Every structure is written in structure tokens, then in C-alpha cells.
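Summary of structural features
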Amino acid sequence: MSGLIIAQFVRVIGLFGQYMAPLVLLLAALLSFMERRRRRHLLKTSRTVEGAAALRGMGWQDFERLMHAWFEEKGYTVVATPAGADGGIDLILKRHGETFLVQCKQWRATRIGVSVVRELYGVMVARGATGGFVMGIGEFTEAAREFAAGRNLELVDASRVVSRNSATGQAQRSAPTVSEQATPTCPRCSAHMVRRIARKGANAGNAFYGCSRFPNCRATENLGGQ
């Protein structure tokens, strides 16, 4: 009798799972669609005069959603990290086989200092990311800008990137994004090279050029062209 009961129980669970699994997947897809739509709506409304001025009044979650939508618009595949367990990283970007890390700092009263930039750079080195972005409201300190220079880090004032002109590319940015900076051509296969961060060895933490076809092509150059 116990064997029959167990067999019947397994059949019921199997029948239940047969219909519940597609339902769970459908629900997850619906929630993802609704979240994406919410992000796009935030980006659209922020491109009004009132919306740009209201950035400082946003909650941190909506601020991250806004940055998420902006990077998606720029052609990145974006993954938001779980709240409270991100190691200082809020968004992970993927494009052309490259990884970029993003910190979102919605600080209203103080300027964003060098400690934030150092933290992001440390995680970049540990994960072997190509570059990183610090998205903030307001100004960055001079020390923060000096540290970011030459390290594949871009410090971005969020009030500029969500301006109405940024949707058509008319707004001027203080510097090109990391992935848009001029890079040399691979000496072996003629593909374009990308800036990367060394993870191991004597050069750990230093930037260099690596072939975009890695691992099929392992050609490298230092920033001096050798």
C-alpha cells in the first residue's frame, strides 16, 4: 500500500509540475517585461525639464533603473546586481564580448570622492573587467577625476546623460565612453583591439590593449604601442 501511495503521489506532483512550470516561466517573463517598460518610462520622463530636475528627488532604486535603461539604449546588455550583495557594483554591462561595471551614486549633499572610484577600480581588476562607469548626480572631486584618468574609468554626471538632447546624440559629453575610445589594430589578425586590465603577474592592475578576438587571437600591446 505504501508503494502505491508513493507512486500516486509522484504522479500528482509530475502532473502538477507539467502545468505549473510553464506558468512560472510565463509569470517571470511578464514581470521582466513590466520592469523593462518601467525603466523606459523613467528614462522618457526624465528627458523633460521637470524630469531632469527631479533626479535628486528619485529614490535610489528608481535612479538605478534609470541608469539601467540608459545603458540599454546605448546597446549594452545590462544585468542589475542583487541589492545589498553587489560588492559596490550596481550594474554589469556586456557588449562585443567586453564587460563593464557600474556604480550608481545618488549623493545629493556631497561631491563624489576618490574613494568611490578606487573601490570600483579594485573590483574591475579582481573581475578582469574592461572598464567601468560611476554614474552620479552633481560633481566629482578633482582627486576622483585624476585617479580615473587613464584607467578605463568614466565619471558621468547623470543629469547630462538623461537630458532630452542625449536621445538624439546632440548633447556633448565630457569624454567618450571607454568602449568608444580610439584603439589600435591587432598586429596579427587586423581586428580592433580593446583596453583591458591585467589580472595576474607583475602587471596586475595595469591597462593594456588585447585583441577583440580573444581567445582565438592572444595578441597584446601595452599603452605605449609595444
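Up top is the structure these notes are about.
If you're wondering where the values come from, they're calculated on a predicted model, not measured in any experiment.

We now examine the overall build of the chain. Helix and strand counts for the chain stand at six helices and eight strands. The order of helices and strands in the chain, counted from the N terminus, is α-α-α-β-β-β-α-β-α-β-α-β-β-β. Split into buried and exposed, the 226 residues of the chain put 39% on the buried side. A fraction of 53% describes how many contacts in the chain between residues 6 or more apart in sequence connect residues 24 or more apart.

With that settled, the discussion passes to the pairing of strand β5 (residues 153–157). Here β5 lies mainly inside the structure; four of its five residues are buried. Relative to β5, strand β4 (residues 131–136) runs parallel, the two being bridged by five bridges. Paired with Val134 across the bridge in β5 is Leu155. Crossover connection from β4 via helix α5 (residues 142–148) to parallel β5: handedness right-handed.

Throughout the structure, instances matching the rule amount to two salt bridges. Linking Asp62 and Arg65 is a salt bridge whose minimum nitrogen-to-oxygen distance equals 2.8 Å. Taken together, the positions of Asp62 and Arg65, both in helix α3 (residues 60–73) and three residues apart, correspond to about one turn of that helix. Classification of Asp62 by relative accessible area gives partly exposed; the value is 22%. When its relative accessible area of 17% is taken as the criterion, Arg65 is described as buried. The residue Glu139 makes a salt bridge to Arg111 at a minimum N-O spacing of 3.5 Å. Within this pair, whereas Glu139 is found in the loop between β4 and α5, its partner Arg111 is found in the loop between β3 (98–105) and α4 (114–127), the two being separated by 28 residues in sequence.

The rules behind these values
Residue positions are counted from 1 within each chain, in the order its sequence is given. Whole-chain, interface and lining totals are the exception, using all residues; otherwise, since this is a predicted model, local features are given only for residues with pLDDT of at least 70 and side-chain atom pairs are given and counted only at 80 or more. The basis for every side-chain value is the complete set of heavy atoms in the structure, and neither hydrogens nor water enter the calculation. A run of H or I in DSSP becomes a helix once it reaches four residues, and a run of E becomes a strand once it reaches two; helices and strands are each numbered from the N terminus. Burial status follows relative accessibility: with a 1.4 Å probe on protein chains alone, a residue under 20% of its type maximum counts as buried, one over 50% as exposed, and anything between as partly exposed. Here a residue-residue contact requires only that any non-hydrogen atoms of the pair lie within 4.5 Å. Strand pairing follows a simple DSSP-based rule, namely that at least 2 bridges must link the two strands. Assignment of crossover handedness uses the view with strands pointing away from the viewer, where a clockwise path from the first strand over the helix to the second indicates a right-handed crossover. Should a side-chain nitrogen of Lys or Arg be within 4 Å of a carboxyl oxygen of Asp or Glu, the pair is scored as a salt bridge.

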